[in-house]
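Tertiary structure, described
Here are the chains, one letter per residue:
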Amino acid sequence: MSIAAAFKDQEIFVTGGTGFVGKALIEKLLRSCYTLGKIYVLIRPKKGVAIEQRLEALLNCKLFERLRREQPQTLAKVVPIVGDVMQLGLGISEADLARLRNVNIVYHSAASVRFDDPLRSAILMNTRGTHELIKLALQWKKLKAFVHVSTTYSNPTELEVEERIYPPYADWRTTIKLAETYDEETLNVFNLKYGSFQPNTYTFTKSLAEHVANDYKDQLPIFIYRPSIVISTIEEPVPGWADNFNGPTGMLVACGVGILRSQNCDPYIVADFVPADVVVRGLIIAAYKYLKQAPAKGKPIDVINCATANISPITMGQVIDIGKRYIRQNPFEQTLWLPGGGITLCPVLHFVRFITMHIMMAIVVDTLLRLTNEKPFLLKLQRRIFAAFRAVQVFATTEWHFENENFKALHAAVPEDEITVFGFLQHSNINYVDFFQNGIRGAKEYLMNESPESSSKARLRIKIFYVLDYLCRAIVYGFLIRLIYRLALRIFF
């Protein structure tokens, strides 16, 4: 049976459908499995905006342009469901629960991916939310596959991560009870100790969510799918699409506009980046295997590490070098200074760079903005950048190795005539120069709302910044040389 045929008339429920992976998954399902039944998407009303309006905004974003052009009729298959993963029963009404009774496939990708979330919020979203969805899924008698989307970093104390469940850091039932009983401030007091000193609340609560799934493995056709760091698309629906500044995309944009000049990071670690469309293809193939054959009861839960560092390796230093080179060739329209800077493992050097290249530059820029009656923003932005990178510091200086035999085996399950549509190992040994060039164009178009190719004005600004950058360096180095010369004269003469 082909993959497209296996999804025929299947009803699918998606949480996290407005997120990065969720959007890409919905688009791919509609475009490549267009005979499916319905896709129910859990959407939370936000700031007074009705879910119908949020769904319309979702389907009108640039990601769906190809689908709107080629198969506009499939968009009617997407049905919004009012709900909130942080609520008991996901906040779904009885009427909507009745609509979901024939669901065949669940994709649970909703999660808070902010590493600095308070412990209570992260528990309610990532851990209790998983349990609440599982309790609903137990009532869906036609369910054939439940895909729990986790992360390869759910066990950060393990540097060699196998495709299996690891011992829990805490009891998930007790943890949920704590979040339901105590307030945010109280839980934050013993956050680190209770979380076994994990890097952040995200990895801790996602680890607990895996154990929620594991405890129901004999009652549901459930398995765990762990993507590593998800980045822009390599091929479809367009190369370079992304919808957030997370991971290397954010670093490249910050470097590109000239506000990120230094980062405390190991340039030699091999980073594990996975293009979003590769993640989505794996999600679809994994569910397809369960559609063909139900999992056997009594066996360990299936775990899939969606990781590609051993397939297409690249170091953090190489990412920065490629980015600096091609951003200068295709600069952003909103550049504030010459793209540059670098990464270092030396915290002292990074601190000096941060003070001189980040804080001092921000003070100068904000002062100039005040003098021109414009609202200052750069110093505040630098504080946010500093906080964001501090939250992911351990991931910038640590190299994990992820076993991924189950992931690579998914490609082997794809019928020969559907390799180009659903396969992913044909993208082994990615040409990262082309990939990040497309990523830069995608960041300009989809994140910065600019033309993918720079204007003549932007290129002229870069040339001016070249001159100013060298001039500033000459002044600073000249001052330092003069200072050292005077000190030497006093000491030796």
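The structure we're discussing is the one just above.
Conventions and cut-offs
- Residue numbers run consecutively from 1 along every chain, following the written order of its sequence.
- Owing to the predicted nature of the model, reporting of local features is limited to residues with pLDDT of at least 70; listing and counting of side-chain atom pairs is limited to 80 or more, with chain, interface and lining totals taken over all residues.
- Computation of side-chain values: all heavy atoms of the structure, hydrogens and water removed.
- Secondary structure is summarised from DSSP: a helix means a run of H or I of at least four residues, a strand means a run of E of at least two, and numbering begins at the N terminus for each.
- The span one expects for a helix is its residue count, reduced by one, times 1.5 Å.
- The buried label applies to any residue whose accessible area, calculated with a 1.4 Å probe on protein chains only, is under 20% of its type's maximum; exposed applies above 50%, and partly exposed to all values in between.
- When we speak of the arc, we mean the arc of directions from the helix axis to the C-beta atoms.
- When checking whether two residues touch, look at their non-hydrogen atoms; a contact exists if any pair is within 4.5 Å.
- At least two DSSP bridges between two strands are required for those strands to pair.
- All axes here are fitted lines through C-alpha atoms, helices being fitted over the stretch that makes contact, and every angle between N-to-C directions spans 0 to 180 degrees.
- In plain words, nonpolar cores are sets of buried Ala, Val, Leu, Ile, Met, Phe, Trp, Tyr and Cys residues tied together by side-chain atoms within 4.5 Å.
- Patch building starts from residues that exceed 30% relative accessible area and form no salt bridge, then joins like charges within 9 Å and nonpolar side chains (Val, Leu, Ile, Met, Phe, Trp, Tyr) within 5 Å.
- Per-residue and other accessible areas were derived by the Shrake-Rupley procedure at a 1.4 Å probe size, with only the shown protein chains allowed to occlude residues.
- Any carboxyl oxygen of Asp or Glu that lies within 4 Å of a side-chain nitrogen of Lys or Arg is treated as forming a salt bridge with it.
- Should an angle fall under 35 degrees it is called roughly parallel, over 145 degrees roughly antiparallel, and 65 to 115 degrees roughly perpendicular, with every other angle called oblique.
- In this scheme, a crossing is called left-handed if the near helix is turned counterclockwise away from the far one by less than a right angle; it is called right-handed if the turn is clockwise.
- Classes in brief: Ala, Val, Leu, Ile, Met, Phe, Trp, Tyr, Cys and Pro nonpolar; Asp, Glu, Lys and Arg charged; the others, Gly included, polar.

1. Notes on helix α15 (residues 378–391)
- Along its 14 residues, α15 runs 20 Å from first to last C-alpha, staying within 8% of the 20 Å computed at 1.5 Å per residue.
- Along α15, the positions that sit buried rather than exposed are L378, Q382, I385 and F389. Within α15, the buried residues cover an arc of 60° as seen down the axis, which keeps them to one side. In α15, the exposed positions that point more than 90 degrees away from the buried face belong to K380, R383, R384 and R390.
- On its buried face, α15 is in contact with α11 (247–256), β9 (262–264), α14 (347–371) and α16 (393–397).

2. Considering the sheet that holds strand β1 (residues 12–15)
- Strand order in the open sheet formed by 7 strands is β3-β2-β1-β4-β5-β7-β11, with parallel pairing between adjacent strands. If you trace the sheet from one side to the other, it starts and ends with β3 (78–82) and β11 (303–306), each paired once. On average, each strand axis in the sheet is inclined to that of its neighbour by 20°, with strand direction left out of account.
- Note: strand β4 (residues 105–108) against strand β5 (residues 145–149), 4 bridges, orientation parallel. Bridge assignment links V106 to a residue of β5, and that residue is F146.
- The sheet contacts of helix α3 (residues 51–59) involve β2 (39–43) and β3, and relative to β3 the element is tilted by about 140°.

3. Things to note about the nonpolar core
- Grouped together as the largest cluster of nonpolar side chains are 99 residues, with contacts concentrated most on F7, L29, Y107 and Y225.
- Take this core: its biggest share by element is 12 residues, from helix α12 (residues 276–292).
- What Y225 contacts, discounting residues up to four positions off in sequence, is V147, H148, V149, S150, V278, V279, G282, L283, I304, C306, F407 and L410.
- Membership of the second largest hydrophobic core comes to 42 residues, among which are L97, V103, F146 and L187.

4. A word on unusual backbone geometry
- In this chain, E236 is followed by P237 through a cis amide linkage whose omega measures 0°.
- Note that P237 resides in the loop between β8 (229–231) and α11.
- Despite not being glycine, N373 shows a phi value in the positive range, around 60°.
- Take N373: it is sitting in the loop between α14 and α15.
- According to the relative accessible area criterion, N373 is exposed, its value standing at 74%.
- For N429, which is not glycine, the phi dihedral falls at a positive 55°.

5. So, a nonpolar patch on the surface
- On the surface, a nonpolar cluster with roughly 1,100 Å² of combined accessible area is contributed by V476, Y477, F479, L480, I481, L483, I484, L487, I491 and F492.
- As for its placement among the helices and strands, F492 is situated in helix α20 (residues 456–492).
- What makes F492 exposed here is its relative accessible area of 64%.

6. Quick look at the packing of helix α13 (residues 316–329) against helix α19 (residues 432–447)
- For the pair α13 and α19, the least separation of the axes is 10 Å and the interaxial angle reads 55°. The angle between α13 and α19 falls in the class oblique. Considering only the axes of α13 and α19, their crossing is right-handed. For the pair α13 and α19, the contacting residues are V319, I322, G323, Y326 and I327 in the first and Y432, V433, F436, Q437 and I440 in the second.
- Among the residues making up the contact of α13 with α19, the classes are represented as 8 nonpolar, 2 polar and no charged.

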